[in-house]
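Descriptive structure summary
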Amino acid sequence: MANSEKPHRSFRFSFGLDRLGLFALEAPYFAAFLIAILTALAVLGVSKLRVDDSLSELFRTDTAEFRQYEEIDRRFPSSEYDVLVVVEGKGLLTPEKLEAFRNAVIELQLTDGVGGLVSMLSARGVPDATGYAPPVVPDQLPEDPAAYNEVIKALAQNDIVKGKFLSDDGELALIVIALDRKAVEAQTAHTIINGIKETVDRELAGSGLSAKLTGAPVMQLEIRNAVERDRLVYNGLGFAVGFVVAYLFFRRLSLTLIAVLGPTIAILWTLGVLGGLDFRLNLFINVITPLILVSGFSDSMHLVFAIRRDILAGVDRVEAARNAVREVAPACLLTAMNQAISIVSFAFAESALIRTFGLAALIAVGISYTAVAVVVPTLAAIFVRREPAAAVDPHEREEGGVGVLQRISDKVIGFVAARPVPFVAFGLLAVIVTGHAFVSLQPAYRLADQVPDKEQALAATGSLDKKLTGANPVHVMIEWKGAGAKASGANTTSNAQPITLYDVGTLAVIGEAHQILEKQAGLGNVWSLESLRRWLADAGDASIETIQKYVKILPEHLVRRFITEDETAVLVTARLPDVDASQILPVVEQIDRALDPIRQRHPGYEISVTGLPAIAARNSATLIHELTWGLVGDIFLVFIFLGIALRSLLVGVASILPSLFPIFTTGALLYYSGQGLQFASIVAITVAFSLAIDSTIHFLNRFRLEEEREGAGPESAKIALGYTAHHIGPAVMLTTIVLTLGLGVTMLSDLPSLRLFGELASACLFASLFAQLVILPATVALFRRYFPLRSKTESGRLSEQTAAR
């Protein structure tokens, strides 16, 4: 095939970047040396990657609400850093099992990293005349059954214990551990949490009781372990599956290696750069790998198919690589540019985590294109063996696996192109129907979706949700200035006294807030200074002096749970079940409204509702809407950019339906299965759109080349579509098969969000394949029926010569 017969043309805004592969082919061995050096440096960068296991980073925004949440972590160091030990078993309150529980509590207090703990054994009785309050459960359990039953009855009815540390059925007990942050930093969370788990398991062994750990530190550890495990196991398994399937079709090790090494090196380079720039692995950054895999593998397959055609036709391997770069690289570059447009809105999102993902994804797109455009032709020029001259005409049918795919695509596209009207009508109707379902989706967010569901944390949380009131803390933070403000809303005068913790007005505000959480919001396990005041009131002395005295007696870790060290802020904390953010938001808003009268009566106090569930409830819906409509807006920019870049109305119009179809189909799948639009859903849709637009661009680029080769004529569009199906169809089908299997292995993950991503990505990929083989050729054929390619006039020739390179 003579080089002069091929219309090789760049597009507007390419800036010569589509010719990177040609520079590498000038000195392929030197280029391979540079690739090896860069890959080795990338491996060093990958070794620096760390996991971001923060549960709140997703909702980090530059707002007063998030700053208040950060204030809690700073001023109340125990509040969001508890390890909850959930002990369960029938007969928990029998003497033998209660003794085992007590031994576990004692040993836990001595375990490394434990700053302090609270359990049902911490409950105290009514203080005596000297102020001493004996423990409800004495150190020596009574041997007399009647006396023992009285102890258990007092324990079960204690206001501090019931519904907070002991379930109503007496089969679940809660131990709340405040971690020593300095010990955690010195020994790592993994060591400390495993030590706690080993201690409680050892002490409960043989007792018939079991223990599970939950709480933010445990969830963070499980997320970190799952992210690291998934990165290694599922990425490796995905590549192995992709390699095997590609080899079964190519039947040639060199071509298979080249097709797989292109995106593999792209991923290594990208992760190396991200590691060097100190990006942290999280739910979103982890998606960079499949994003590169989708775009990089697709581009790599199209390049390898082009090289393979020329090699089988007897073309020299270096010249075959050059031809592939001239024909395919412009489409690869255009794909990368459109991917950048489709994700650029992420870089300006309100969430810091999503902004970081947007920036990382933009870096990944640039590196991925560069790697594939240089690595694939370089390796082809070095490793592909020579074939006998003029072995196969590139337009003839092949045998083997590729031949099967070729015959399927030829028949499907030929059938569709001959009768485009019903298929375009179907595509339009499908996009309208599925689009309606897509826009009807409601945002959904649950903390449980971000945490491995086959580990102990969610199992323990489920038990707390069922038998107590949940594990997720919601806080009412009450702040005041230490001087210059008057308590209880009194007018400020020159003699104004500073507000203090033990002012009557301060205690009244705390008490009212405590009651609102208990009564109006219906939350349980409410803790505050009011809990101590009520306990003392039951004992007959709730004077301010007595409250102050007992606060000084309490352990430091317990006091800092609800009073700041400088005594200018307090927390009223309740716990609620892990439910969808849409169910939490009305509760948060109800609490906020109920607090308004208190704010009005006590203007000297700043009262706010915060905590991770509150932040998630307020921000998740906004962030998901922001991501979704940012993506949809960017997609329409892509269509406009495509038409301008390729100087073709056909390209701009024909790319709309096949690109929207897989996105809206995935949305409809979520809608009709009763699921909401989650963060993982948006990421899956973004990745699927990358493949959809990638395949669309390669199809339209090939059609443009074939149509120009055929020239104007009544059958030129039909012939060009036939050749396009012949060349592009197998690559699109094989890419979809490999990627579906490769990304589908994520459905085995312990992370619910990653499993959902795998399911949706697989559905999206098959919807994209249908769009490429049916809707796209039908749209092209119908467009050309009414707007056929015109013959070149003299001015047209001049315009083409000016644009040609």
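Everything below is about the structure shown above.
This report concerns the structure included in the present document. Each chain carries its own residue numbering, running from 1 in the direction its sequence is written. pLDDT decides what is reported in this predicted model: residues at 70 or higher carry local features, side-chain atom pairs at 80 or more are listed and counted, and totals for whole chains, interfaces and linings draw on all residues regardless. Side-chain measures here rest on the full set of heavy atoms in the structure, leaving out hydrogens and waters.

**Here we look at the sheet that holds strand S5 (residues 210-214)**
- Any two strands are treated as partners once DSSP identifies two or more bridges connecting them. In this text, helices come from DSSP runs of H or I with a minimum length of four residues, and strands from runs of E with a minimum of two, each type numbered from the N-terminal end. Taken in spatial order, the 4 strands of this open sheet run S3-S4-S2-S5, and their pairing is antiparallel. Looking along the sheet, the strands with just one partner apiece sit at the ends: strand S3 (114-118) and S5. For this sheet the average axis-to-axis angle between neighbouring strands, irrespective of direction, equals 25°.
- Summarising the sheet, S3 and strand S4 (residues 172-179) pair through 4 bridges and their orientation is antiparallel. In the sheet register, Leu117 faces S4, and the bridge partner there is Ile177. For every element, the axis is a line fit to its C-alpha atoms; helices are fit only across the contacting stretch, and the angle between N-to-C directions ranges from 0 to 180 degrees.

**Side note on the nonpolar core**
- In this text, buried Ala, Val, Leu, Ile, Met, Phe, Trp, Tyr and Cys residues form a nonpolar core when linked through side-chain atoms within 4.5 Å. Buried, partly exposed and exposed residues are distinguished by accessible area as a fraction of the type maximum, computed with a 1.4 Å probe on protein chains only: under 20%, between the cut-offs, and over 50%, respectively. Val85, Met120, Ile177, Phe250, Ile478 and Leu529 are the most contacted members of the largest nonpolar core, which has 266 residues in total.
- Note on contacts: a residue pair qualifies if any of its non-hydrogen atoms lie within 4.5 Å across the two residues. Those residues in contact with Leu529 that lie beyond four places of it in its chain are Leu501, Leu507, Ile510, Ile547, Val551, Phe562 and Ile563.
- Membership of the second largest hydrophobic core comes to 5 residues, among which are Ile72, Met477, Ala569 and Leu571.

**Considerations on the packing of aromatic side chains**
- Working definition: rings of Phe, Tyr and Trp (its six-membered ring) pair if their centres are within 6.5 Å, and the pair is stacked with planes under 30 degrees apart, edge-to-face with planes over 60 apart, and tilted otherwise. Scanning the entire structure with this criterion turns up 9 aromatic pairs.
- Where Phe426 meets Phe770, the ring centres are 5.9 Å apart and the plane angle is 80°; that geometry is what we call edge-to-face. Of this pair, Phe426 sits in helix H14 (residues 420-439) while Phe770 sits in helix H26 (residues 752-786); the two residues are 344 residues apart in sequence, bridging distant segments of the chain.
- Taking the relative accessible area as the measure of exposure, Phe426 reaches 40% and is therefore partly exposed.
- Taking the centre distance of 5.1 Å and the plane angle of 80° together, the rings of Tyr671 and Tyr672 count as edge-to-face.
- Taking relative accessible area as the criterion, Tyr671 reaches 36% and is therefore assigned partly exposed.
- By relative accessible area, which is 60% here, Tyr672 ends up exposed.
- Here a set of aromatic residues connected by ring pairs shows up, and it is made of Phe426, Phe661 and Phe770.
- Remark: a charge is flagged as sitting over a ring if the NZ atom of Lys or the CZ atom of Arg is within 6 Å of the ring centre and within 35 degrees of the ring normal. When the ring centre of Phe415 is taken as origin, the NZ or CZ atom of Arg419, which lies over that ring, is 4.0 Å away.

**Focus on the pattern of salt bridges**
- One speaks of a salt bridge when a side-chain nitrogen belonging to Lys or Arg is within 4 Å of a carboxyl oxygen belonging to Asp or Glu. Following the criterion strictly, the structure yields 26 salt bridges and no others.
- Residue Glu327 is joined to Arg309 by a salt bridge in which the shortest nitrogen-to-oxygen separation is 3.9 Å. Here Glu327, found in helix H11 (residues 317-343), pairs with Arg309, found in helix H10 (residues 288-312); they are 18 residues apart in sequence, far enough to count as distant.
- Judged by its relative accessible area of 5%, Glu327 is buried.
- Two residues, Arg601 and Glu512, come together in a salt bridge whose shortest N-O distance is 2.1 Å. Taken as a pair, Arg601 in helix H20 (residues 581-601) and Glu512 in helix H16 (residues 504-520) lie far apart in primary sequence, 89 residues in all.
- Judged by its relative accessible area of 44%, Arg601 falls in the partly exposed class.

**Some details on the sheet that holds strand S9 (residues 569-576)**
- An order of S8-S9-S7-S10 is seen for the 4 strands of this open sheet, with the pairing classed as antiparallel. Bordering the open sheet on either side are strand S8 (524-527) and strand S10 (605-610), each of which pairs with just one other strand. Put simply, the sheet's adjacent strands are angled 15° from each other on average, direction ignored.
- The sheet contacts of H16 involve strand S7 (472-480), S8, S9 and S10, and relative to S9 the element is tilted by about 10°.

**Digging into the packing of helix H2 (residues 28-46) against helix H9 (residues 253-276)**
- Two elements in contact, H2 and H9, have axes whose closest approach is 7 Å; the angle formed by their N-to-C orientations is 50°. With respect to their mutual orientation, H2 and H9 come out oblique. In the packing of H2 onto H9, the handedness of the crossing is left-handed. Contacts between H2 and H9 involve Ile35, Leu38, Thr39, Ala42, Val43, Gly45 and Val46 on the former and, on the latter, Ile265, Leu268, Trp269, Leu271, Gly272, Gly275 and Gly276.
- Under this grouping Gly is polar, as are all residues other than the nonpolar Ala, Val, Leu, Ile, Met, Phe, Trp, Tyr, Cys and Pro and the charged Asp, Glu, Lys and Arg. Classifying every residue of the contact of H2 with H9 gives 9 nonpolar, 5 polar and no charged. These descriptions rest on fixed angle ranges, namely under 35 degrees for roughly parallel, over 145 for roughly antiparallel, 65 to 115 for roughly perpendicular, and the rest for oblique. Definitions for this section: a left-handed crossing has its near helix turned counterclockwise from the far helix by less than a right angle. A right-handed crossing has that turn clockwise.

**Overview of the packing of helix H23 (residues 656-672) against H26**
- Closest axis-to-axis distance for the H23/H26 pair is 8 Å, and the angle between their directions is 145°. With respect to the hand of their crossing, H23 and H26 are arranged in right-handed fashion. Packed against H23, whose contacting residues are Leu657, Pro658, Phe661, Pro662, Thr665, Thr666, Leu669 and Leu670, the element H26 presents Leu756, Leu760, Ala763, Cys764, Ala767, Ser768, Phe770, Ala771, Gln772, Ile775, Leu776 and Thr779 at the interface.
- Split by residue class, the contact of H23 with H26 holds 15 nonpolar, 5 polar and no charged.

**Focus on a nonpolar patch on the surface**
- What makes a patch is a set of residues exposed beyond 30% relative accessible area and free of salt bridges, joined within 9 Å when like-charged and within 5 Å when nonpolar (Val, Leu, Ile, Met, Phe, Trp, Tyr). Exposure was quantified through the Shrake-Rupley algorithm and a 1.4 Å probe, taking into account, for residues, occlusion by the shown protein chains and nothing else. Taken together, the side chains of Phe30, Phe33, Leu34, Ile37, Leu38, Leu41 and Leu44 make up a nonpolar region of the molecular surface, amounting to roughly 690 Å² of accessible area.
- With respect to the helices and strands, Ile37 occurs in helix H2.
- Classification of Ile37 by relative accessible area gives partly exposed; the value is 38%.

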